Amino acid sequence: MSDDHLPRRFQIDLPADRAQGVFADFARVWHTPNVFVMDYVALTQPPSTIEDADGSRAVAVPGQIVSRIRIPPEQVFELAKALTQQLEAWEQETGRKPPERPLFGHGHSTE
């Protein structure tokens, strides 16, 4: 007899050394045919203006990946739904709305 019909009850442990979490300033999201990858990045120094060898100028934003999460494509839909639900609850609780302009000038941080 199969247990496929029974409801699942996840029993998830949070190790003490991970309970504090890791701060990230933004996330970079990319994918392959079989996995979505979220690189969480913390800025390591203030942005500064740089000049390339060809004379073009840009603002360098130094950062370091503090966590990389890899999930199957099927799970991305559940993650998007959970993020939307939590964002709506946060907006109701705090009265805050998303910033009118992105922090880093390009909307959501995907590459």
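### Things to note about the overall build of the protein chain
For the protein chain, the helix and strand inventory stands at one helix and five strands. N-terminal to C-terminal, the α/β element order of the protein chain is β-β-β-β-β-α. Considering only C-alpha atoms, the protein chain reaches an extent of 70 × 35 × 30 Å along its principal axes. Counting across all 111 residues of the protein chain, residues that qualify as buried make up 7%. Total accessible area on the protein chain stands at roughly 10,100 Å², and carbon and sulfur atoms take up 53% of it.

### Looking at the pairing of strand β3 (residues 48–51)
One ladder, built from four bridges, connects β3 with strand β4 (residues 57–60); its direction is antiparallel. Looking at the pairing, Ile50 lines up with Ala58 of β4. Where β3 hands over to β4, the hairpin turn is made up of five residues, of which Gly55 adopts a positive phi near 90 degrees.

### What to know about the confidence of the model for the protein chain
When the pLDDT values of the protein chain are averaged, the result is 90; 90% of them are 70 or greater. pLDDT under 50 marks residues 107–111. Its contacts with residues more than four places away, or in other chains, come to nine contacts.

### Considering the sheet that holds strand β1 (residues 26–31)
A sheet is described by the order of its strands in space; here three strands give the open sequence β1-β2-β5, paired in antiparallel fashion. With partners counted over all chains shown, the strands left at the sheet margins are β1 and β5 (63–71), one partner each. Adjacent strand axes in the sheet meet at a mean angle of 25 degrees, parallel and antiparallel pairs treated alike. Bridge count between β1 and strand β2 (residues 36–43): six bridges; the pairing is antiparallel. Each residue of the ladder has a partner; that of Trp30, found in β2, is Val37. Along the sheet, helix α1 (residues 73–94) makes contact with β2 and β5, crossing β5 at roughly 110 degrees.

### A look at the environment of Pro72
Within the fold, Pro72 resides in the loop between β5 and α1. Overall, the relative accessible area of 42% leaves Pro72 in the partly exposed class. Here the alpha-carbon distance between Pro72 and Val35, two residues 37 residues apart in the chain, equals 4.7 Å.

### Observations regarding the pattern of salt bridges
Here the structure, examined in full by the defined rule, presents three salt bridges. Across the pair Arg28 and Asp39 runs a salt bridge, and its minimum N-O distance is 2.7 Å. Taken as a pair, Arg28 in strand β1 and Asp39 in strand β2 lie far apart in primary sequence, eleven residues in all. Residue class for Arg28 comes out partly exposed when judged on its relative accessible area of 25%. The partner of Glu78 in a salt bridge is Lys81, and the shortest N-O contact between them spans 3.7 Å. Taken together, the positions of Glu78 and Lys81, both in helix α1 and three residues apart, correspond to about one turn of that helix. Among the residues examined, Glu78 registers a relative accessible area of 41% and is labelled partly exposed. By sharing partners, the salt bridges in this structure join Arg28, Asp39 and Arg68 into a single network.

Calculation notes
- Residues numbered from 1 in each chain as written.
- Predicted model: local features only at pLDDT ≥ 70, side-chain atom pairs only at ≥ 80, totals over all residues.
- Heavy atoms only, no water.
- Helix = DSSP H or I, 4+ residues; strand = E, 2+ residues; numbered from the N terminus.
- Buried < 20%, exposed > 50% of the residue type's maximum accessible area, 1.4 Å probe, protein only.
- Areas by Shrake-Rupley, 256 points an atom, 1.4 Å probe, with all protein chains shown as cover.
- Pairing = 2+ DSSP bridges.
- pLDDT = per-residue confidence, 0-100.
- Contact = heavy atoms within 4.5 Å.
- Axes fitted to C-alpha atoms, helices over the stretch in contact; angles between N-to-C directions.
- Salt bridge = Lys/Arg side-chain N within 4 Å of Asp/Glu carboxyl O.

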